[in-house]
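# Residue-level structural notes
So the chains spell out like this:
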Amino acid sequence: VQHRGSLGEPRGLFAAPSPGGLLPAPRWPVECEVIQEPIEHIEWVPPEPEPFCQAPSMEQAPATLGEEQGIVVYNCSPVPHGACFTRARVGGAPGPPSSAAAPLEGPQDTTLLFESRFESGNLQRAVKVGPYEYVLRLRPDLFTTKHTQWFYFRVQNTRRDPLYRFTIANLAKPKSLYGEGMRPLLYSQRDAQSYGIGWRRIGTDIRYYRGGGDGDQDPAAFHLSWTMRFPHDDDTCFFAHSYPYTYTDLQRYLRALMGDPVRSRYCAVRALCRSLAGNTVYVLTITSTSSTAPKRAVVLSARAHPGESGGSWAMRGCLDFLLSACADARLLRHLFIFMVVPMLNPDGVVVGNSRCSLSGRDPNRAYGTAVPGVFPGVWHLRAMVERVLTEREVVLYCDFHGHSRKNNIFMYGCDGGGTGAGLRLHQRIFPLMFSKNAPDKFSFPSCKFKVQRSKLGTGRVVMWRLGVSNSYTMEAAFGGSTLGGRRSHFTVQDLTALGCHLCDTLLDFCDPHPAKFQQCLSEVDALLRQRLGRDPGSGGSWSDVSPSEVESSTSGSDSSVSD
């Protein structure tokens, strides 16, 4: 067990991205083959909004051949069933990687060449079932048989003119934003090099439907199917579920931060712990050193679920704002100590998992029972918050996540019932303020506050029970926004803006002048009365109303909670 000192003396760095030096290479389980080619993408924001596609009226399966009638053209050896994590090394499996893709028969062969054995990549198998049609299977989270959602893979040997169809045939969730108009992401290396164009939404005839057709190997699974044309002949392209943000991306960001003589004055980058594979879990402490007045703490975390990469982009936006020279950022650093864990589950991010760590379990269900040898990031984060609470108030905890079934941005909070009426309303004020600062992205009606039994081990609930009154999960949809006249996908710019909005909201929430707080308190009270359809009870106290009654009267269903 690794122990740390007080808040002011975090553990020294190990395996840190030193300014100007080489980045520490990610460590992989020894079962994983890893190609040595570096994978990098440029950042780009589309000049125009990328609208959702027209969802089909009925999510029917397109006419396509079954896998058994096709030819396997890519097969990435899965981890043996029942295996557990044992050890890791830089570069994964020793020796050169095997040939996972079928070789081309000549220049006239139009078969796509698939590859996913790189950082955050996920594709297990590709079967060619037609001249330009492929059935794909994702790899479950390592050391599990479940959690197929995140995908990120490369294709080469493209042709510009044909209409291709891709079908992912083993997705786990019965509902997805793909069924409501969300489109996959494509990155063309030639477009990036020649025109400065990065990730963009593509695809027509997008369908999300239950399997069970003739020859379906997994009739209980769900399928995602889309058609598209590649922009160039002989291009190298990538597909992804969401904008990738890898462990190496984080280390590159931290190296630039540490090498900046201005920003590094008020940001210390430390090691919180090491992951199971030996990758560093970083913690950043951000505050000004000029103030000697007592400060409250703010704790932020992201990427407990590795496939929710939007959380990393939102976190980067938050860090960029906090470390900037603007007046609001200087005020925040003067008022608060920010403790930020930008990537809680680096192992899952490295290997391309959707939800789990190398333990084969969900880290965001383990905060109540975690031990350092199984969930080191979660254990050390909780221990850090416990220590901070002995020294100062933690005014906010926020864990950044992504959501696959509901559009917009929203939060999950904690209303356990039985508390004073004021506290129950107060827990809803920060999300309401957030919605006012980002009205085209944040949906307050989508926020939920009931503490479900299945969520007792989440970060937000455990931190709340430790004494953090304002404890939230922030969910950023994989799709986009339906608010303010929008019906378009989120861009990287939208996601990074969330970090700025969170910081703005923190200033509003902690404003010593009570006008904004009191206004929102009155709005929350009126909104809950309207939803409940009556006054709360004797004396107008919300403490007599159960969380279930309040929640059941709100719009939408709580069945899609996924933090």
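What you are looking at is a predicted structure, and each value in this text was computed from that prediction instead of being measured.

The helix and strand inventory of the protein stands at 12 helices and 23 strands. Going through the 563 residues of the protein one by one, you find that 60% of them count as buried. Here the contacts in the protein between residues at least 6 apart in sequence split such that 78% fall between residues at least 24 apart. As displayed, the protein offers around 21,800 Å² of accessible surface, 52% of which is attributable to carbon and sulfur atoms.

As a further point, take the sheet that holds strand 19 (residues 409-415). In spatial order, the strands read 14-15-17-16-18-21-19-20; together these 8 strands make up an open sheet with mixed pairing. What marks the edges here is a single partner per strand, and that holds for strand 14 (267-274) and strand 20 (448-450). With direction set aside, neighbouring strand axes in the sheet form an average angle of 20 degrees. Sheet topology note: the strand 14/strand 15 (residues 280-286) ladder contains 7 bridges and is antiparallel.

One pass over the full model with this rule turns up 26 salt bridges. Residue aspartate 161 pairs with arginine 160 through a salt bridge whose shortest N-O separation is 3.9 Å. By relative accessible area, which is 46% here, arginine 160 ends up partly exposed. Measuring nitrogen to oxygen at the nearest pair gives 2.9 Å for the salt bridge that ties aspartate 191 to arginine 200. For arginine 200, a relative accessible area of 17% translates into the label buried. Taken together, the shared-partner salt bridges connect Asp440, Lys441, Arg486 and Asp494 into one network.

Tallied over the entire structure, the rule returns 33 aromatic pairs. For the ring pair phenylalanine 118 and tyrosine 152, a centre distance of 5.0 Å and an interplane angle of 80 degrees mean the geometry is edge-to-face. Of this pair, phenylalanine 118 sits in the loop between strand 4 (113-115) and strand 5 (125-130) while tyrosine 152 sits in strand 7 (residues 152-156), and the two are 34 residues apart along the sequence. In this pair, the class of phenylalanine 118 matches that of tyrosine 152, namely buried. Both rings, one in tyrosine 134 and one in phenylalanine 166, keep their centres 5.9 Å apart while their planes meet at 15 degrees; by these two values the pair is stacked. Taken as a pair, tyrosine 134 in strand 6 (residues 133-137) and phenylalanine 166 in strand 8 (residues 164-171) lie far apart in primary sequence, 32 residues in all.

Moving on, we come to the UniProt feature "active site" (unreviewed entry) in the protein. The positions that UniProt labels "active site" (unreviewed entry) are, in the present scheme, Glu475. Note on placement: glutamate 475 falls in strand 21 (residues 471-477). When its relative accessible area of 0% is taken as the criterion, glutamate 475 is described as buried.

Across the 5 residues that make up strand 6, a large majority, 5, are buried. The sheet contact formed by strand 5 and strand 6 spans 5 bridges and is antiparallel. The residue bridging arginine 125 from the neighbouring strand is arginine 137, located in strand 6. Linking strand 5 back to strand 6 in an antiparallel pair, the connection comprises 2 residues.

Further remarks concern the packing of helix 3 (residues 310-322) against helix 10 (residues 492-509). When two helices pack together, their arrangement is captured by the angle between the axes and the distance separating the axes. Axis separation between helix 3 and helix 10 bottoms out at 7 Å; the angle between their running directions is 50 degrees. Compared by their axis directions, helix 3 and helix 10 come out oblique. Relative to helix 10, the crossing made by helix 3 is right-handed. On the side of helix 3, the interface is formed by Gly310, Trp313, Ala314, Gly317, Cys318, Phe321 and Leu322, while helix 10 contributes Val492, Leu495, Thr496, Leu498, Gly499, Cys500, Leu502, Cys503 and Asp504. Split by residue class, the contact of helix 3 with helix 10 holds 11 nonpolar, 4 polar and 1 charged.

A few words now on the nonpolar core. Counting 125 residues, the largest nonpolar core has Phe114, Phe166, Phe230, Phe239, Met474, Leu502 and Leu506 as the members making the most contacts within it. Sorting elements by how many residues they give to this core places helix 10 first, with 8 residues. Split by domain, this core shows at least three residues from each of two domains, domain 1 (31-240) and domain 2 (247-532). Those residues in contact with phenylalanine 230 that sit more than four places away from it in its chain are Leu112, Val155, Thr158, Arg159, Arg160, Tyr164, Phe166, Leu186, Cys237 and Phe239. Residues Val283, Ala366, Met384 and Val394 belong to the second largest nonpolar core, which totals 25 residues.

So, about the sheet that holds strand 9 (residues 185-188). Pairing is antiparallel across the open sheet formed by 5 strands, whose spatial order is 4-7-13-9-10. Where the open sheet ends on each side, the last strands, each with one partner, are strand 4 and strand 10 (200-201). In the sheet, strand 4 pairs with strand 7 via 3 bridges, with the strands oriented antiparallel. Across the sheet, residue phenylalanine 114 finds its bridge partner in strand 7, namely valine 155.

Residue arginine 303 is not a glycine yet carries a positive backbone phi of 60 degrees. One can find arginine 303 in the loop between strand 16 (296-302) and helix 3. Located in the positive-phi region is asparagine 408, a residue other than glycine, with phi close to 80 degrees.

You can see serine 522 is positioned in helix 11 (residues 515-532). Serine 522 gets classed as partly exposed once you look at its relative accessible area, which sits at 48%. In this structure the C-alpha to C-alpha distance between serine 522 and leucine 425, which are 97 residues apart in sequence, comes to 9.2 Å.

Rules used in this analysis
Residues numbered from 1 in each chain as written. Predicted model: local features only at pLDDT ≥ 70, side-chain atom pairs only at ≥ 80, totals over all residues. Heavy atoms only, no water. Helix = DSSP H or I, 4+ residues; strand = E, 2+ residues; numbered from the N terminus. Buried < 20%, exposed > 50% of the residue type's maximum accessible area, 1.4 Å probe, protein only. Contact = heavy atoms within 4.5 Å. Areas by Shrake-Rupley, 256 points an atom, 1.4 Å probe, with all protein chains shown as cover. Pairing = 2+ DSSP bridges. Axes fitted to C-alpha atoms, helices over the stretch in contact; angles between N-to-C directions. Salt bridge = Lys/Arg side-chain N within 4 Å of Asp/Glu carboxyl O. Phe/Tyr/Trp six-rings, centres within 6.5 Å; stacked < 30°, edge-to-face > 60°. UniProt positions renumbered as here; feature names shortened; annotations may be inferred. Parallel < 35°, antiparallel > 145°, perpendicular 65-115°, else oblique. Left-handed = near helix turned anticlockwise from the far one by under 90°. Nonpolar A, V, L, I, M, F, W, Y, C, P; charged D, E, K, R; others polar. Core = buried A, V, L, I, M, F, W, Y, C linked by side-chain atoms within 4.5 Å. Domains from an automatic or database assignment.

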